[in-house]
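Examining the three-dimensional arrangement
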Amino acid sequence: MSEAVLAVEAPGVAAPGASGARRFWRRLRTQRAALVAAVVVALLVLVALAAPLLTALEGQDPTTYHPALVDSARGGVPIGSFGGVSGDHWLGVEPQTGRDLFARLVYGARVSLGVALAATVVQVVIGVVVGVAAGLGSRLVDQLLSRFTDVIVAMPLMIMALALLAIVPSSFPRPVLVALVIGLIAWGSIAKIVRAQTLTLKGLDYVAAARLSGWGTWRIARRELLPGIAAPVITYAALLVPTNITVEAALSFLGVGVKPPTPSWGQMLTAADVWYQAAPQYLLLPAGALFVTVLALTVLGDGVRTALDPRAASRLRVGTGRKREAKA
């Protein structure tokens, strides 16, 4: 019964289905910056997934020490020009240890992207469950969950993460722990967005029709509300990924994130702060990779937001000229 009235749409909420996906793709294609960012993100993910193959092709790995490639008399500075760049070490070697820099960089992409994506999944799952439960629950349930969400939002993420990561035994897999800590602390904002959208949607005609047809609360949530809140959730999730990458890098930089010998871009930056003059590439490469990744994900997230809600102008004003907006 409710499917028959799905044509009654909420303002700014597209009806789910193949036509909605085609409209989204058509609007996204008009934003060249978002498409370029999507290609960059896809290449970064491909590099992260193919890290073992790429390092095997180079003939190196991220953990093997090469003491013969560093000058111990000068404190461990890589021997050779450009940090020891050669046919065997494409980007040079790490100061003091001589570990291959290319191998550590591509394996660091696996950790940074993996932690950020896993943390985002945890945030989205918890936020959607709490937000929908608050929006559909009784007044008491709504008040309890809303106040609990306010407490979560008020928590300082970095301080709480530092405290939790410092007390957990080192035997626990560190990348998994970092992803869980970020996800369990930073889901409050998405829960607020989902609750507000749920309150808006549950008063619409097609949701009322589903309720009158005898559907239960969670069936209504699954069949009627979740498709309606998909757009804001996807948009916010796309913008959460670069934020989580930055948080992971900051935690690793502070020494409580991913531990050696597992490579991470934030961890590499931590060790590079004393080598930026003697071996500048050791600082510039992870910093550049982090900058490009965060920028590409931010531009892509903004493009997704604009494509899902064409009435909202891009915050970045990149690739969203009047002509392209008119086509959308």
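Residues numbered from 1 in each chain as written. Predicted model: local features only at pLDDT ≥ 70, side-chain atom pairs only at ≥ 80, totals over all residues. Heavy atoms only, no water.

Concerning the pattern of salt bridges
Inclusion rule: The salt bridge definition used is simple: a Lys or Arg side-chain nitrogen within 4 Å of an Asp or Glu carboxyl oxygen. Put simply, DSSP H or I for four residues or longer makes a helix, DSSP E for two residues or longer makes a strand, and each gets a number counted from the N terminus. Only protein chains enter the accessibility calculation, which uses a 1.4 Å probe; a residue whose area is less than 20% of its type maximum is buried, one above 50% is exposed, and one in between is partly exposed.
Applying the stated criterion across every chain yields a total of 6 salt bridges. Among the salt bridges present, the one from D302 reaches R305, with a minimum N-O distance of 3.4 Å. Taken together, the positions of D302 and R305, both in helix α12 (residues 281-308) and 3 residues apart, correspond to about one turn of that helix. D302 sits in the buried class, given a relative accessible area of 2%. Its relative accessible area of 18% is what places R305 among the buried residues. When salt bridges with common partners are traced through the structure, they connect E94, R99 and R104 into a single cluster.

Notes on the nonpolar core
This is how the line gets drawn: Buried Ala, Val, Leu, Ile, Met, Phe, Trp, Tyr and Cys residues form a nonpolar core when they are joined through side-chain atoms within 4.5 Å. Working rule for contacts: check all heavy atoms of both residues, and any pair within 4.5 Å makes them a contact.
If you look at the biggest cluster of nonpolar residues, it comprises 28 residues, and the most contacted ones within it are I245, W265, M268, Y282 and L290. Contributions of two or more residues to this core are made by α2 (32-49), α4 (101-136), α10 (217-253), α11 (265-272) and α12. Ranked by residues supplied to this core, first place goes to α12 with 8 residues. Aside from chain neighbours lying at most four places away, what touches W265 is L105, G108, A109, S112, P286, A289, L290 and T293.

What to know about a nonpolar patch on the surface
In plain terms, the rule: Exposure above 30% relative accessible area and no salt bridge define the residues that can form patches, which grow by joining like charges within 9 Å and nonpolar side chains of Val, Leu, Ile, Met, Phe, Trp and Tyr within 5 Å. Accessibility throughout is a Shrake-Rupley quantity obtained with a 1.4 Å probe, and a residue counts as covered only by protein chains that appear here.
A surface patch of nonpolar side chains, amounting to about 320 Å² of accessible area, comprises F172, V176, L180 and L184. Relative to the assigned elements, L180 resides in helix α7 (residues 174-185). On the accessibility criterion, L180 (33% relative accessible area) is partly exposed.

Focus: the confidence of the model for the protein
For clarity, the cut-off: The predictor rates its confidence in each residue with pLDDT, a number between 0 and 100.
Residues with a pLDDT of 70 or more make up 88% of the protein, whose mean pLDDT is 83. Segment residues 1-17: pLDDT under 50, and 28 contacts once partners within four positions in sequence are set aside and those in other chains are kept. Within the model, pLDDT remains below 50 along residues 318-325, and this stretch shows 13 contacts once partners closer than five positions in the same chain are excluded.

Points about the environment of A191
Here A191 shows up in helix α8 (residues 188-201). On the accessibility criterion, A191 (3% relative accessible area) is buried. In contact with A191, not counting residues within four places along its chain, are G127, V130, G131 and T149.

Observations concerning helix α9 (residues 205-212)
Filter applied, for reference: By definition, the arc is the one covered by directions from the helix axis to the C-beta atoms.
All of the buried residues along α9 are Y206, V207, A209 and A210. End-on view of α9: buried residues confined to an arc of 160°, all on one side of the axis. Residues D205 and L212 are exposed on α9 and point more than 90 degrees away from its buried face. Phi for G214, located one or two positions after α9, is positive at around 95°.

Some points on unusual backbone geometry
In the Ramachandran plot, Q96 falls in the positive-phi region, its phi being about 70° despite a non-glycine side chain. With respect to the secondary-structure elements, Q96 resides in the loop between β2 (77-78) and α4. By relative accessible area, Q96 is classed as exposed at 53%.

Overview of the packing of α2 against α4
The following threshold applies: Interaxial angles span 0 to 180 degrees and are taken between N-to-C directions of axes, which are lines fitted to C-alpha atoms, for helices over the stretch in contact. Note on angle classes: values under 35 degrees are labelled roughly parallel, values over 145 roughly antiparallel, values of 65 to 115 roughly perpendicular, and the remainder oblique. Crossings are sorted by hand: turned counterclockwise from the far helix by less than a right angle, the near helix makes the crossing left-handed, and turned clockwise it makes it right-handed. Under this grouping Gly is polar, as are all residues other than the nonpolar Ala, Val, Leu, Ile, Met, Phe, Trp, Tyr, Cys and Pro and the charged Asp, Glu, Lys and Arg.
In the contact formed by α2 and α4, the axes pass within 8 Å of each other and the chain directions differ by 110°. What the angle tells us is that α2 and α4 run roughly perpendicular. As for the relative orientation of α2 and α4, their crossing is left-handed in sense. Taken together, the residues of α4 that come into contact with α2 (itself represented by L44, V45, V47, A48 and L49) are V106, A109, R110 and L113. Counted by class, the contact of α2 with α4 contains 8 nonpolar, no polar and 1 charged residues.

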